[in-house]
Amino acid sequence: MSRPKSSTGSAAKKSDSPSKSTFVANQERAKQWLQQVLMAMGIAAEVRVVGEVLEIEAASLTSDQKQLLLSKVSASPLPSSKEAGLEEERSPVVLDALQYLANTLLNLNLPEDQQQPYILDLDGYRQRRLQELKALVAAAVEKVRAGGREYEFPDLSAAERRQIHTLLKDPAYADLETFSRGKEPDRRLVIRRASSRP
């Protein structure tokens, strides 16, 4: 497959992110797309662009609509007793699904230099969740370092697994490694000592 051509006919240059004007246009397109999808769901919500984030305005939602968007369920149909009390460790399925769709559909057929990530948020959830993930990582690191056994994180979305992989790339965790085990929808992130490779 050939590379996309620019308006001058030369091959498009690969860059790490779209230009500022393309980014702003993409964010506006994403905002309109998200409002249309929410409307199709029966949710007439306001969406605003805050930096790289598409923020669904909590004030424009009913409590039922907010609950729907932030509802959490286990990745497996019947949670094990080990998973039964882990409601807070789960991702909101609807919000994550909308974010996945935005990243897939809004980048579809775009030249690589115009593609960008989309982050959907509601009521500051993503920042709160990042703090929760950092706490989970700290507890897991402590368990692995103290006991020497690997630690498997419970139900995490693919995006959250990537966040944890990234968090653990910090030089402070050079003695540890991460990998994913299993297949969706039951894929799990594992952390272990780097020296414990089979």
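Worth saying up front: this structure is predicted, and the values here are computed from it rather than measured.

Student: Can you tell me about the pattern of salt bridges, naming the residues and giving the values?
Tutor: Applying the stated criterion to the full structure yields eleven salt bridges. A salt bridge links Arg-48 to Glu-57, with the nearest nitrogen and oxygen atoms 2.4 Å apart. For Glu-184, the salt bridge is made with Arg-161, and the minimal N-O distance between the two is 2.3 Å. Of this pair, Glu-184 sits in the loop between β5 (176–181) and β6 (188–193) while Arg-161 is found in helix α5 (residues 158–167), placing the two residues 23 residues apart along the sequence. Owing to a relative accessible area of 6%, Arg-161 belongs among the buried residues under this scheme. Each of Arg-129, Glu-132 and Glu-160 takes part in a single network of salt bridges with overlapping partners.

Student: Provide a residue-level description of helix α3 (residues 93–105), including the pertinent values.
Tutor: Taking 1.5 Å per residue, 13 residues should reach 18 Å; α3 reaches 18 Å between its end C-alpha atoms and fits that length. On the buried face of α3, the contacting elements are α1 (20–40), β2 (53–56), α2 (63–69), β3 (119–122) and α4 (125–147).

Student: Can you explain the nonpolar core? Please cite residues and give values.
Tutor: Counting residues in each nonpolar core, the largest one holds 21 residues, and the members touching the most others are Leu-34, Leu-38, Ile-56, Leu-69 and Leu-120. Of all the secondary-structure elements, those providing two or more residues to this core are α1, β2, α3 and β3. With residues near it in sequence (within four places) discarded, Leu-120 still touches Leu-34, Leu-54, Leu-95, Leu-98, Gln-99, Ala-102 and Arg-126. Judged by nonpolar contacts, the second largest core, of 14 residues, contains Ala-140, Phe-153, Leu-168 and Ile-191.

Thresholds, definitions, all that
- Residues numbered from 1 in each chain as written.
- Predicted model: local features only at pLDDT ≥ 70, side-chain atom pairs only at ≥ 80, totals over all residues.
- Heavy atoms only, no water.
- Salt bridge = Lys/Arg side-chain N within 4 Å of Asp/Glu carboxyl O.
- Helix = DSSP H or I, 4+ residues; strand = E, 2+ residues; numbered from the N terminus.
- Buried < 20%, exposed > 50% of the residue type's maximum accessible area, 1.4 Å probe, protein only.
- Expected span 1.5 Å × (residues − 1).
- Contact = heavy atoms within 4.5 Å.
- Core = buried A, V, L, I, M, F, W, Y, C linked by side-chain atoms within 4.5 Å.

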